[in-house]
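The primary structure of each chain is shown beneath.
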Amino acid sequence: MSTHGFDTLDDLAPDQRVLVRLDLNSPVEDGKPQDNRRFDRHAETVRELADAGHRVVLLAHQGRPGRDDFVSLSGHAEILADRVGRDVEFVADTHGDDAVDAIDALEPGEILLLENTRMCDDELPEADPTTKADSEFVRTLAAHVDAYVNDAYSAAHRSHASLVGFPEVLPSYAGRVMATEYAANTAIANREFDGRVTMVVGGTKATDVIEVMDALGESVDDFLLGGIAGELFLRAAGHPVGFDLDPEADRYDSQWERNHDLIERVLDGRGGAVTLATDLAYAAGEGDCDGERAEVAVDDIDEKDVSFLDIGTDTAESYADVIRDSEAVFVKGALGVFEEEPFSVGTVTVLEAIAETDCFSVVGGGDTSRAIGMYGLSEADFDHVSIAGGAYIRALTGQSLAGVEALQRAAGR
Ligand SMILES: Nc1ncnc2c1ncn2[C@@H]1O[C@H](COP(=O)(O)OP(=O)(O)OP(=O)(O)O)[C@@H](O)[C@H]1O
Ligand SMILES: O=C(O)[C@H](O)COP(=O)(O)O
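Only a predicted model underlies this, so the values are computations on that prediction, with no experimental measurement involved.

Sorry, what's going on with the pattern of salt bridges here?
Evaluation of the coordinates by the stated rule reveals 23 salt bridges. Between aspartate 40 and arginine 83 there is a salt bridge, with its nearest N and O atoms 3.7 Å apart. With a gap of 43 residues between them, aspartate 40 in helix H1 (residues 37-51) and arginine 83 in helix H2 (residues 74-84) connect regions that are remote in the sequence. We note a salt bridge from arginine 270 to glutamate 218, for which the minimum N-O separation is 3.7 Å. Of this pair, arginine 270 sits in helix H11 (residues 253-270) while glutamate 218 sits in the loop between helix H9 (206-216) and strand E10 (222-225); the two residues are 52 residues apart in sequence, bridging distant segments of the chain. Shared partners join several salt bridges into a network, and the residues in it are Asp35, Asp40, Asp82 and Arg83.

Even after reading the chapter, I still don't get the site of ligand 2, so can you show me in this structure?
If you check the shell around ligand 2, you find Asp23, Asn25, Arg38, His61, Arg64, Arg118, Ser154 and Arg158 and nothing else. Within the side chain of asparagine 25, a nitrogen or oxygen atom sits 2.9 Å from an oxygen atom of ligand 2. The side chain of arginine 64 places a nitrogen or oxygen atom 2.6 Å from an oxygen atom of ligand 2. For ligand 2, whose unbound accessible area comes to 310 Å², protein coverage reaches 84%. Class assignment for the residues of the shell around ligand 2 results in no nonpolar, three polar and five charged.

Any chance you could explain the site of ligand 1 here in plain terms?
The environment of ligand 1 is formed by 21 residues, the closest being Lys205, Glu339, Gly366, Asp367 and Thr368. At a separation of 2.9 Å, an oxygen atom of ligand 1 approaches a polar side-chain atom of lysine 332. At 2.9 Å from an oxygen atom of ligand 1 is found a main-chain nitrogen or oxygen belonging to aspartate 367. Look at ligand 1: alone it shows 640 Å² of surface, and the protein chains cover 89% of it. Looking at the shell around ligand 1, the elements that each hand over two or more residues are helix H10 (227-236), strand E14 (308-311) and helix H14 (366-374). Here the residues of the shell around ligand 1 are counted per class, giving six nonpolar, nine polar and six charged.

What exactly am I supposed to notice about the nonpolar core here?
Generally speaking, a soluble globular protein has its nonpolar side chains buried in company with each other. Formed by 100 residues in total, the largest nonpolar core has its most connected members in Leu114, Phe166, Met199, Phe223, Phe233, Phe330 and Ile354. The greatest single-element share of this core, amounting to six residues, is contributed by H9. Counting residues domain by domain, this core receives three or more from each of domain 1 (9-176 + 401-412) and domain 2 (187-396). Setting aside residues up to four positions removed in sequence, phenylalanine 166 forms contacts with Leu19, Leu59, Phe137, Val138, Leu141, Ala142, Tyr148, Ala161 and Ser172. Counting 26 residues, the second largest nonpolar core, distinct from the first, contains Leu24, Ala60, Leu73 and Leu113.

Cut-offs used in this document
Residues numbered from 1 in each chain as written. Chains lettered and ligands numbered in written order. Predicted model: local features only at pLDDT ≥ 70, side-chain atom pairs only at ≥ 80, totals over all residues. Heavy atoms only, no water. Salt bridge = Lys/Arg side-chain N within 4 Å of Asp/Glu carboxyl O. Helix = DSSP H or I, 4+ residues; strand = E, 2+ residues; numbered from the N terminus. Near = heavy atom within 4 Å. Polar contact = N/O pair within 3.5 Å; in protein donor to acceptor, adjacent residues only side chain to side chain. Areas by Shrake-Rupley, 256 points an atom, 1.4 Å probe, with all protein chains shown as cover. Nonpolar A, V, L, I, M, F, W, Y, C, P; charged D, E, K, R; others polar. Core = buried A, V, L, I, M, F, W, Y, C linked by side-chain atoms within 4.5 Å. Buried < 20%, exposed > 50% of the residue type's maximum accessible area, 1.4 Å probe, protein only. Domains from an automatic or database assignment. Contact = heavy atoms within 4.5 Å.

So, in structure tokens, the structure goes:
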């Protein structure tokens, strides 16, 4: 058993017919899944199992019923096959006769992907593990395999049948992605660091990250703020910022209404640990992201009529200094609209400082981690680049994940 209380692939017996839950949930365009790092990451677990001679049956979900991204996994099988370097057979069935026949026909080292688990009525909604274990979906598939592996860390906060049902009835193991993500993302709450622990807080989901700041309390020495949350904190400090260029998007006002009490509480309790931007960047001229970068000192902002798109250069440099002096750095959310090169300065300066520094580092959030590839940085320069969104947030705030708890219970049986 690992130190995290679950068994891993190191504990798996040889020659198993193994059911493996992945998270291949991807952006979908014109009905087709778009390639992303989830395929590369899970491919390593799948390849390891197939190379070891196991018969590999894969489960994954895509989208949510009723949404445009709720599509079949046939396209996912093609991308995954390319990444694994082996054939991945696909059957458009979740647990009926076609699925069962295909499972029974597998030879050692062969890989089969079943249809989108959310197309099976038993998968959703969330329910307790025993109820999910008693579903036809779980009972049927469990009878045709020897073991279950959960590699879907980024979906592990959902108490769905494919995540919590199987560990109730099968010997269960964490896949490589699950084990790595779990260790890195809980480090902020579980590990002792000798030196300064810094958290870079940005992005658009201010409510999420402010709750993280509140929950983390003393385990973080410095919070470096940017993005929407950064502007909300500046607003709390009396600066007229947080102007919605597109009022429909409503990035600021509703998140301000929802969070201003919490922001005050964080500032009262941990104000000394919170560092806010001293300058901000905006698009000169047109008033949208296409304009040239211009900067203004926060103290010189008199009116709320500009949409800020990045922290300023002085702020970025001072954040980089803090990072160079840190023992551990956790990133949640980008410091600006890095997708537009002129407004990537904050995010890229901070990521470069982390990459150059010998600190323990975790970068989380789907969008934020994309900046690493976009600006020529290497994932190898970070201890961990998470592929999880909601699960990363929950791990940072010390909340348990239903799928991880299910693995831990299974290991204890
Ligand atoms: N000042 C800003 N104004 C508008 N958008 C911003 C600003 N600063 C950052 N962003 C945007 O924030 C996005 C990333 O934030 P987000 O909160 O979505 O985090 P994430 O890293 O993608 O996490 P998740 O995986 O949970 O979505 C980027 O796409 C960036 O353009
Ligand atoms: O992409 C994700 O964050 C996970 O797959 C969870 O998806 P969900 O939010 O639709 O449950």
